[in-house]
Amino acid sequence: MSLFFEALGLICASNPWKVILGGVTVVIALGLGLLNYQITTDPVELWSSPTSQARIEKNYFDENFGKFFRTEMMIFSIEHIVDSENKNKSVSLDDLWQDYVPYTSATDFVPPTTRFSPIFQRGILEEIVRIQNDIQELNAYYTEKDSNSTESIKLSDICLKPMAPVNNNCTFMSVTNYFQNSIENLRKKAVDTFFDSLLADYRSHLIGCTRNPTTIEEDSATWESAGEKAMSCLASFGGPINPNVVIGSYDEKFYFNGTHLVVNIPVINNEWTAPRAVLWEKEFLNYIQTWKNEHSVVNLTDFNINDDGSEDPNKPAWVRVKLTVAYSAERSVEDEIERESGTDVFTVLFSYVVMFAYVSFALGQFTSTSRVFIDSKITVGFMGVLIVMAAIICSLGIFSYAGVKMTLIIIEVLPFLVLAVGVDNIFIIVQHLQRDRAPSKETTEQQIARILGEVGPSMALSSGSETIAFFIGALSTMPAVRSFSLFAGAAVLFDFCLQVTKSSFSQSIIHFGKNNKLITWLRSLSLLPS
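These numbers come from a predicted model, not from an experiment. (Residues numbered from 1 in each chain as written. Predicted model: local features only at pLDDT ≥ 70, side-chain atom pairs only at ≥ 80, totals over all residues. Heavy atoms only, no water.)

Caption draft 1: Just the overall build of the chain, in detail. What the chain contains, in helices and strands, is 19 helices and 11 strands. Within the chain, the proportion of its 530 residues that are buried is 45%. For the chain, the proportion of contacts with a sequence separation of at least 24, taken over those separated by at least 6, is 70%. Carbon together with sulfur atoms contributes 58% to the accessible area of the chain, which is approximately 27,600 Å² in total. (Helix = DSSP H or I, 4+ residues; strand = E, 2+ residues; numbered from the N terminus. Buried < 20%, exposed > 50% of the residue type's maximum accessible area, 1.4 Å probe, protein only. Contact = heavy atoms within 4.5 Å. Areas by Shrake-Rupley, 256 points an atom, 1.4 Å probe, with all protein chains shown as cover.)

Structural data, given as structure tokens:
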């Protein structure tokens, strides 16, 4: 093995320009494979083995019943009180709780008091209705790849419509859909004009609907006695709303102790809707983020008006509260993976600059400050980092040719991994050369060949064991681990091959460049040692 590396070193050192030209050609040829690269960010594709039982069952379900819905979700809660009409008296969230006694015509029975948490204030429910109405008007634009035609996409084009074509309303799993997402229905009241008393309002409707979500005319007798039409508990899309789905943080079965309201929007996930839904979800996420930043303060008016219409002097006429929303779309996990990877670009570049500086100065043998740039081995450091980058390009390119999908994990981790391995080999080669005392009759080519013959076998064993270890990892059935192992093993192998050839070049070019005008000019700028 030593004889092989010695012969290889002699060839590379004797033909530096041919070696570098061949290396650049190989790197470019393999790098062109990146034109066909494919990146996967789907968590299922990343971490679930195609041969696992769960994946087989999922594929069976998808093939026979279609893919499960894409889910867009919002969870609303009150963050804090901003201010109120009475600046001299503070208002706390406890003051926003409502004690409500439903009306009954029975004279010998008093219904229990129902305590509503602040999130059930009518002004907050109306704001949630406005948000849902705005979401239905959001536009995304999808461009067909074949025809280049652009079409406008709304939620109605991709949403679940369980009662279509009779009812074409989108499914919104929301507590406000007990009122068919209508502000007018939320404001309806049944008032006994003779006794001037409140018989029913949105709170009584909520109580009735949570008890029986399938009621078509909730408490019709009470509403009709006041000359009002009874409201249905069925949602605008024609189906019932289970209270445990749309109310969160409630105490056992006391739904109105809940402090969070949940809105779920199921979206069809077939071949036609999926690419359009991805674009619409981006608009949805942007809208919710904008609302959260700019419009999440809600004004609760008539806060001092009692159920009998009288004013409570101890309460302010209005209170402003700050809502907060936790939200996600089907694409959110993939977006987060991509975002985190994008933020690491600076880290990767910074690490390469640090390694370049470290190699340049750590390998230097400084004699005086006037020769710091000459002695610092800038050329060697630059070539070492450049070889690492070239190895990564070759690895990504060759597997892109083969159609192997890469992950963002590979793009993030691989540069650090190959850099760590590559820097070690640079130190081995260069420091061995620095400490070597060549015989007087030995030429530069022969010295470099002899040194490569001495260090080459250990480098080969080290890089070979690392490459084999990574390729063994490719036997894993987990896609993320398999693809990482393939790319990492190939990158380490390419890094070794480039180092044992280009390192000979980087050392010999300085010696062969004594009569070269370019090298002379670079040395005059202190970019190459003399």
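What follows picks up the thread again.
Caption draft 2: The nonpolar core, seen in detail. Within the largest apolar cluster, 67 residues are counted, with the highest numbers of intra-cluster contacts made by Met74, Phe120, Ile135, Leu155, Leu206, Phe284 and Val321. Per element, the largest residue contribution to this core is 7 residues, and it comes from helix H11 (residues 273–294). Other than its neighbours up to four places away in sequence, Met74 contacts Ile131, Ile135, Leu261, Val262, Val263, Ile265, Phe284, Ile288, Val325, Ala326 and Tyr327. (Core = buried A, V, L, I, M, F, W, Y, C linked by side-chain atoms within 4.5 Å.)

Caption draft 3: Spotlight on the state of the cysteines. According to the stated counting rule, one finds 2 disulfides in the structure shown. Note that Cys159 is cross-linked by a disulfide to Cys170, the S-S spacing being 2.0 Å. Since a negative S-S torsion denotes a left-handed disulfide, the Cys159-Cys170 link at about -75 degrees is left-handed. Pair noted here: Cys159 is in the loop between helix H6 (155–158) and helix H7 (183–186) and Cys170 is in the loop between H6 and H7, with a separation of 11 residues, a long-range link. In this pair, the class of Cys159 matches that of Cys170, namely buried. Here Cys209 connects covalently by a disulfide to Cys233, the sulfurs 2.0 Å from one another. One disulfide, between Cys209 and Cys233, carries an S-S torsion of -85 degrees and so falls in the left-handed class. Highlighted residues: Cys209 in helix H8 (residues 202–211) and Cys233 in the loop between helix H9 (220–225) and helix H10 (243–246), separated in sequence by 24 residues. When the bonded cysteines of the chain are numbered from the N-terminus onward, they pair as 1-2, 3-4. (Disulfide = S-S within 2.5 Å.)

Caption draft 4: Spatial organisation of the pattern of salt bridges. All chains considered together, the criterion is met by 15 salt bridges. Linking Glu126 and Arg130 is a salt bridge whose minimum nitrogen-to-oxygen distance equals 3.6 Å. Taken together, the positions of Glu126 and Arg130, both in helix H5 (residues 122–136) and 4 residues apart, correspond to about one turn of that helix. Its relative accessible area of 6% is what places Glu126 among the buried residues. (Salt bridge = Lys/Arg side-chain N within 4 Å of Asp/Glu carboxyl O.)

Caption draft 5: H11, seen in detail. For H11, spanning 22 residues, the distance from its first C-alpha to its last is 31 Å, which sits close to the expected 32 Å at 1.5 Å a residue. Among the residues of H11, those classed as buried are Thr273, Ala274, Arg276, Ala277, Trp280, Glu281, Phe284, Leu285, Tyr287, Ile288 and Trp291. (Expected span 1.5 Å × (residues − 1).)

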